Structures are given as C-alpha cells and as structure tokens.
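The residues making up each chain are set out below.
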Amino acid sequence: MKENADHFDLIVIGAGAAGLSVASGAAQMGVRVALIEARAMGGDCLNSGCVPSKALIAAAARAQAMREAEVFGIEAVEPVVDFPKVMEHVADVIAQIAPHDSQERFEGLGVTVIRGMARFTGPDALEVEGRRLTARRFVIATGSRPAIPPIPGLEDAGYLTNETIFDLRERPRHLIVLGGGPIGVELAQAFRRLGAQVTLVEAGTILNREDGQAVGVLRQALLREGVNVREGATVQAAGRGPDGPWLDLDGDRNGDRIKGSHLLVATGRAATVEGLGLEAAGVAHDRKGIAVDARLRTSNRRIHAIGDVVADAPSFTHVAGYHAGLVIRQAVLGLPAKADHAMIPRVTYGAPELAQIGLTEVEARKAHERIQVIRKDLAENDRARADRATEGWMKLILHRGRPVGVTIVAAHAGEMLAPWAQAMAAGTRLSKLSGMVLPYPTVAELGKAVTGTYFSEKLFGNPWVERVARAVQRLVP
Ligand SMILES: Cc1cc2nc3c(=O)[nH]c(=O)nc-3n(C[C@H](O)[C@H](O)[C@H](O)COP(=O)(O)OP(=O)(O)OC[C@H]3O[C@@H](n4cnc5c(N)ncnc54)[C@H](O)[C@@H]3O)c2cc1C
Ligand SMILES: NC(=O)c1ccc[n+]([C@@H]2O[C@H](COP(=O)([O-])OP(=O)(O)OC[C@H]3O[C@@H](n4cnc5c(N)ncnc54)[C@H](O)[C@@H]3O)[C@@H](O)[C@H]2O)c1
C-alpha cells in the first residue's frame, strides 16, 4: 500500500444521497474514506429535489384543504398565502435535515471530506483543487442535472429549473411548466394550490411511464384545480416579452402563444459526467450516463458508479441508497451483490399520489400471456370515506397467483404501497397477506381487501369447497 497521506481505501465523488450513504457505511466499518463534493453537501435530494418539493407540496395541501373544508361542515375559504413564508418553511425543512448530511457529521464518522471538483487523472488517481489523491477503489456518485431542450430562444426567455425554483421569494403570477414528468406534475399542482396561475406543457402525455388509468385520475384533479394541462404540445420557440417568458406551441392547437411570468423547465435529467476526466480513468459512458454491469462496476473494475449518474437506472433517492448498500457489500465486505431494478417502487407526489411497484397492467400484458387484475376502489374503504378522500383505487396484477405489479392512485398511495414493496421483496405469499390482521379503519386495509377478493373468487360459489363445507357440517360435532 502507498504510504501517502492522500491515499485512501475508497474515494467517493459526490455527497448526494448515493455518495453519502456509501461514505458513512464504509467509514463506520473502518475503511479509510475520502468524500469529495463540489457544491452543497446533500446533493439534489436535500437541496433542490425531494425535500424542498415535498415541503412545498405539504404547504400546498394545507391551502387546498381550506378551499375544500365545506364537506366537513367547516366554511371553505380562499387561503391567504404568504408566499415568502411558505418558502421560509421550505428552507427551514432543508435546514432541519441538513445536519444529517453535513461535513461536520461525516468528519465525525471518520470520513475525510474534501470540497471541490474532482477530476480523474488516471485509472487510480484524481485531482481536487490541485491536490492529488489515490485510492484502491472509487465510487462515482455525481448525480444528474436538469436537461435543457434545444428550443430556439429558450436562453433569452430565461427559465427556472429545480436548482433555482426553490429560491423564489415572490409567487409567480403565471408559471409555465415545461415537461409533464414527476417534477413538472408535482410542482405544477403545488404552485397552483398556492395561488399561481399554472400552464403545464407536455410534448406527449403527462407521466407517460405510469398506468394510463391512474394518470387519468390525477389529470382530472389537475384540471379540476385549474391547472391548464397542454398535452401533445410541441414548443416551436421561446422568448421574453415585457411581462415575462413566452412559448409558441404547435400541436394540439395551432400556433398559439403562452405568456407567463415565470418558466420552469422540467424536461428530464442528464447525468453529471462533464469535467470528471472519465477518459483518463478508462470509464465508459454515453449521453445517458456511466455504463455499469449488474454489480455496478464501470469499465474500470476498480470504479463503481451509483445513483443518478448510472445509465438506465431509475433516478430516485431510494435507488441511490440501494446502490450504496450493494457497493458496500462488495467493496467493503468482499461479498457479491447484483443490482435488480425490477422491484423498485416509485411514487409521484401529486394529489392524489400515484404509486407503482413492479409491472403496470400494460407491461404485464406484454410480458405474460395470462394475468389477473383485481381492482378495488377507495370508495369502498371506511377510512377513506371518513376522510372524504375516496378518489382513487388500487390495482393488483397477478401472474399465476403471484403479485407482479401494484398500482395505487390515492391520497396516501405512497404509504399504502410500502407494505406491498416489503411483501414483494420478501416474496410473501398472497395467503399470508390476506391472513394478516390490520388495524381498522386504515386505508391500508384496501390492500387486504384486494387479496380477500382474490381468495373469495376462488372460495365462494366453488362446488368443491361447498362439498367440503357440507361434509364438515355433517361430520364435525
Ligand atoms: C425536484 C425533484 C424532486 C425529486 N423528488 C424525489 C422524490 O420525491 N423521491 C425520490 O426518490 N427521488 C426524487 N428525486 C430524485 C432524487 O433527487 C435523485 O434521484 C437523487 O438525488 C440522486 O442522488 P445522487 O446521489 O445520485 O445524485 P445527487 O443528489 O445529484 O448528488 C451528486 C453530487 O455530486 C456532486 N458532484 C458532481 N460532480 C462532481 C465532481 N466532479 N466533483 C465533486 N462533486 C461532484 C454534485 O454537486 C452533487 O452534490 C427528485 C429530484 C428532483 C430534481
Ligand atoms: N416523486 C419522485 O420520486 C420524483 C419527483 C421528481 C423527480 N423524480 C426523478 O427525477 C426524474 C426527472 O424528472 P423529470 O420530470 O424532469 O423528467 P422525466 O424525464 O420523467 O419527464 C420529462 C417530461 O418532459 C417531457 N418533455 C421533454 N422535452 C420536452 C419539450 N421540449 N417540450 C415539452 N415536453 C417535453 C417528456 O415528454 C417527459 O414527459 C424522474 O424521472 C424521477 O426519476 C422523482
């Protein structure tokens, strides 16, 4: 081993969800770790992603609840939204979580934290701010950035991204959101609920990876709440007028111009690979990110890549954490570990939320000749009735009696999905799930009701079961 102060067992580049998880796990198991971060500790999720967006959504939900109070016998009112205070709340939530990801905490765990841009100079060496570091192994966890589409005039129009929108302290009068993926949909609805006029512009259909029927429920909610949803809209050009940015659309309606006060671009992500010196390190990558094998190794076997920077991996914080665990198993404990993205859950935090694990119905029909789909509406659930939140449903997709997918559209779909994620990861049989006693009244009971339907279809009206039951009545005292 090189007796050099700047030699480490493991160097991690990027202190976002992925890099932080590897660094803390490895350091706590006695490995000499360096963690390099060019910008804010915590990366996208803490500073400009999950955390601020969910805090904003929470404030927006409070505002909406005031508009919808009538049904509970409480006078509905149009809320007075103090937008700067809402954004203070968002900043405060970030500040509360930040110590967990801070340089001080990681140094306390024994990690050497180095601030600056890392650039590989060779297969086992890199440079940060003129300092040379070497290591036995590296982990690239440099995440992703907003991908900006090549629309003529977009730079002149001026736009926000997830990296700047949470710095706003003045409520947009009219926010144009370009892109109807999870970022666009979540933020469009939140800003609308906080009192902005919102136009959501999407080239195809919103949330196009998700179950179309579930998206339909969310789309109706967006429209009902006054989000102007423009799907199938191609943006020809953008520019800036005296009052703010505009987009010229061509598609569903010919040649119309949308004028807003602010424009948010949420048209996808690009892996952060520029300036990393990946060629010097012998790490293959393309437009989609860094290529890895099932063990998350790059073309340089001593370098792993994890999180958003990985080509073709789902971009979620829980995936970043999952990848980190797999790398720790291999690089720290010497155990084999392979990534499997088939059972990664995902939730779009609209109102209602849209949650998915495994195959959607359409995907399952393509993958298997025969599937069974059982759907139960929230309107049948007592807690949902009491909460006046009966919009939505759950769909269980089965192949040969085993769950291959679950889709939920409901106010708390993410929480409702969690036990299914556990059950599907553990391979729990449906009979075990249907035999479980759940607290009443909870919306989670809808999941049990679905499994109940599966078994009642098999048991009720079945001549064999009826014969057995009659025999038992005769023979058992
Ligand atoms: C608005 C929004 C909402 C989201 N909501 C959710 C959600 O609700 N749930 C969910 O699961 N996911 C959500 N995501 C996705 C989630 O934020 C990402 O999947 C996650 O942050 C990826 O973590 P990461 O560690 O791979 O990358 P990042 O968090 O991007 O971290 C990478 C870090 O590397 C640093 N870096 C880059 N290059 C270098 C270099 N050369 N040298 C040193 N440092 C470098 C960067 O500065 C950054 O801090 C959301 C994303 C956005 C944008
Ligand atoms: N709740 C969550 O877990 C959550 C929330 C936000 C983001 N994320 C993660 O971040 C990723 C990125 O989110 P995103 O919403 O930016 O990207 P996305 O790729 O999921 O969606 C981008 C959308 O923009 C549209 N689009 C692209 N170019 C366009 C153009 N020129 N004009 C009009 N529409 C255009 C696409 O058709 C697509 O629907 C997500 O895929 C997800 O993995 C997760």
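This structure is a prediction, so every number in the text was calculated from the model and none was measured. (Residues numbered from 1 in each chain as written. Chains lettered and ligands numbered in written order. Predicted model: local features only at pLDDT ≥ 70, side-chain atom pairs only at ≥ 80, totals over all residues. Heavy atoms only, no water.)

**Section: the pattern of salt bridges**
Any two side chains of opposite charge can pair, so long as their charged atoms come close to each other. Threshold: The term salt bridge refers to a side-chain nitrogen of Lys or Arg lying within 4 Å of a carboxyl oxygen of Asp or Glu. With a 1.4 Å probe rolled over the protein chains alone, any residue whose accessible area is under 20% of its type maximum counts as buried; one over 50% counts as exposed, and the rest are partly exposed.
As enumerated under the stated definition, the model contains 23 salt bridges in all. Across the pair Asp 293 and Arg 297 runs a salt bridge whose closest N-O atoms are separated by 2.9 Å. Accessibility expressed as a relative area gives 23% for Asp 293, which makes it partly exposed. One salt-bridge network, in which partners are shared between bridges, spans Asp 211, Glu 361, Arg 365 and Lys 395.

**Examining the packing of helix H3 (residues 50-67) against helix H4 (residues 83-97)**
How we decide: Interaxial angles span 0 to 180 degrees and are taken between N-to-C directions of axes, which are lines fitted to C-alpha atoms, for helices over the stretch in contact. Helix and strand definitions here come from DSSP, where helices need a minimum of 4 consecutive H or I residues and strands a minimum of 2 consecutive E residues; each element is numbered from the N-terminal end. Every angle not falling under 35 degrees, over 145, or within 65 to 115 is termed oblique; those three ranges are roughly parallel, roughly antiparallel and roughly perpendicular. Handedness of a helix crossing follows the sense of rotation of the near helix relative to the far helix, less than a right angle counterclockwise being left-handed and clockwise being right-handed. Here a residue-residue contact requires only that any non-hydrogen atoms of the pair lie within 4.5 Å. All residues other than Ala, Val, Leu, Ile, Met, Phe, Trp, Tyr, Cys, Pro, Asp, Glu, Lys and Arg, Gly among them, are scored as polar; the first ten of these are nonpolar and the last four charged.
Packing of H3 against H4 leaves a shortest axis separation of 9 Å and a crossing angle of 135 degrees. Taken together, the axes of H3 and H4 lie oblique to each other. The hand of the H3/H4 crossing is right-handed. Taking contact as the criterion, the partners of Val 51, Pro 52, Ala 55, Leu 56 and Ala 59 in H3 are, on H4, Val 86, Met 87, His 89, Val 90, Val 93, Ile 94 and Ile 97. Residues that form the contact of H3 with H4 fall into these classes: eleven nonpolar, one polar and no charged.

**Observations regarding the nonpolar core**
Convention followed: Put simply, buried Ala, Val, Leu, Ile, Met, Phe, Trp, Tyr and Cys residues joined by side-chain atoms within 4.5 Å make one nonpolar core.
Core analysis: the largest hydrophobic core is formed by 39 residues, its most contacted members being Leu 56, Ile 165, Phe 191, Val 198 and Leu 200. Breaking this core down by element, the ones donating at least two residues are H3, H4, strand S8 (174-178), helix H7 (182-193), strand S9 (197-201) and helix H8 (212-224). The element that contributes the greatest number of residues to this core is H3, accounting for six residues. Apart from the residues within four sequence positions on either side, Leu 56 is in contact with Val 86, Met 87, Val 90, Phe 166, Leu 187, Ala 190, Phe 191 and Leu 194.

**A closer look at the sheet that holds strand S13 (residues 256-259)**
Test applied: Here a strand pair is declared whenever DSSP counts at least two bridges between the two strands.
The three strands are arranged S11-S12-S13 in an open sheet whose pairing can be described as antiparallel. The strands lining the two open edges of the sheet, one partner per strand, are strand S11 (234-241) and S13. On average, each strand axis in the sheet is tilted by 25 degrees relative to the strand beside it, whichever way the strands run. In this sheet, strand S12 (residues 244-250) lies alongside S11 in antiparallel orientation, the contact comprising seven bridges. Directly across from Ala 237, in S12, lies its bridge partner Asp 248.

**Points about empty space enclosed by the protein**
Here is the rule we go by: With a 1 Å grid laid over protein atoms only, a set of points is called a cavity when a 1.4 Å probe fits there but cannot get out and a pocket when it is open yet has protein on both sides within 12 Å along at least five of seven lines; lining residues have an atom within 4 Å of a point. Grid points are joined across faces, edges and corners, and a volume is the space filled by probe spheres set on the points. Boundaries between domains were set according to an automatic or database domain assignment.
All told, the structure shown has one cavity of 30 Å³ or more when counted by the stated rule. Every residue along the wall of the largest cavity is listed here: Ile 57, Ala 60, Ala 61, Glu 186, Gln 189, Ala 190, Arg 193, Tyr 349, Gly 350 and Ala 351. Broken down by secondary-structure element, the contributors of at least two residues to the lining of the largest cavity are H3 and H7. Top contributing element to the lining of the largest cavity by residue count: H7, with four residues. Grouping the amino acids of the lining of the largest cavity by side-chain chemistry returns six nonpolar, two polar and two charged. When residues are assigned to domains, the lining of the largest cavity turns out to be shared by domain 1 (6-146 + 270-332) and domain 2 (154-267), each giving three or more.

**Some words on the site of ligand 1**
Selection criterion: Near is defined per residue: the residue qualifies when any heavy atom it owns lies within 4 Å of the molecule or strand. Within 3.5 Å is the distance limit for a polar contact, defined as a pair of N or O atoms, with the added protein rule that one can donate a hydrogen and the other accept it, and that residues adjacent in sequence qualify only through two side-chain atoms.
Looking at ligand 1, there are 38 residues lining it, with Glu 37, Asp 44, Lys 54, Asp 308 and Thr 317 nearest. Separating an oxygen atom of ligand 1 from a side-chain N or O atom of Lys 54 is a distance of 2.7 Å. Within the side chain of His 318, a nitrogen or oxygen atom sits 3.3 Å from an oxygen atom of ligand 1. Every element with two or more residues in the shell around ligand 1 is listed here: helix H1 (17-28), strand S2 (33-37), helix H2 (43-48), H3 and helix H10 (317-332).

**Let's talk about the sheet that holds strand S23 (residues 402-410)**
Either a parallel or an antiparallel arrangement is found when strands of a sheet pair, and the pairing is made through backbone hydrogen bonds. The strand order across the open sheet formed by five strands is S19-S20-S23-S22-S21, and the pairing between neighbours is antiparallel. Across the chains shown, the open sheet's two edge strands, defined by having one partner strand only, are strand S19 (346-348) and strand S21 (372-377). The sheet shows a mean angle of 15 degrees between the axes of neighbouring strands, direction not considered. For strand S22 (residues 393-399) and S23, the ladder comprises seven bridges, and the chain directions are antiparallel.

**A word on the UniProt feature "domain: Pyridine nucleotide-disulphide oxidoreductase dimerisation" (unreviewed entry) in the chain**
To keep things clear, this is the line we draw: UniProt positions are given in the numbering used here, feature names are shortened, and annotations may be inferred rather than shown by experiment.
The UniProt record marks residues 344-445 with the feature "domain: Pyridine nucleotide-disulphide oxidoreductase dimerisation" (unreviewed entry), using the residue numbering of this structure. Each end of residues 344-445 is marked by a C-alpha atom, and these two atoms are 22 Å apart; helix forms 32% of the span and strand 30%.

**Re the environment of Glu 68**
Structurally, Glu 68 is set in the loop between H3 and H4. The exposure class of Glu 68 is partly exposed, given its relative accessible area of 41%. Separated by ten residues in the primary sequence, Glu 68 and Glu 78 place their C-alpha atoms 9.4 Å from one another.

**What about the domain arrangement of the chain?**
Split by domain assignment, the chain resolves into domain 1 (6-146 + 270-332), domain 2 (154-267) and domain 3 (352-459). Placing a centre on the C-alpha atoms of domain 1 and another on those of domain 3 gives a separation of 32 Å.

**Considerations on the environment of Val 113**
Summarising the element assignment, Val 113 is placed in strand S3 (residues 112-115). Among residues more than four places away in sequence, those in contact with Val 113 are Leu 35, Met 41, Gln 103, Phe 106 and Glu 107.

**Considerations on the state of the cysteines**
Note the threshold: The definition used for a disulfide is geometric: two cysteine sulfur atoms within 2.5 Å.
Across all of its chains, the model carries one disulfide by this definition. Residue pairing for Cys 45: its cysteine sulfur links by disulfide to Cys 50, the two sulfurs lying 2.3 Å apart. The chirality of the disulfide connecting Cys 45 with Cys 50 is left-handed, given an S-S dihedral of about -135 degrees. Looking at Cys 45, the relative accessible area reads 17%, which means it is buried.

**A word on the site of ligand 2**
Our working definition: Areas reported here follow the Shrake-Rupley algorithm with a probe of radius 1.4 Å; residue values treat only the protein chains shown as occluding.
The full set close to ligand 2 counts 23 residues, and Glu 186, Glu 202, Arg 209, Ser 315 and Val 347 are the nearest of them. Contact between ligand 2 and Pro 182: an oxygen atom at 3.4 Å from a main-chain N or O atom of the residue. One of the backbone N or O atoms of Gly 268 is found 3.1 Å from an oxygen atom in ligand 2. In the complex, 79% of the free accessible area of ligand 2, which totals 850 Å², lies under the protein chains.

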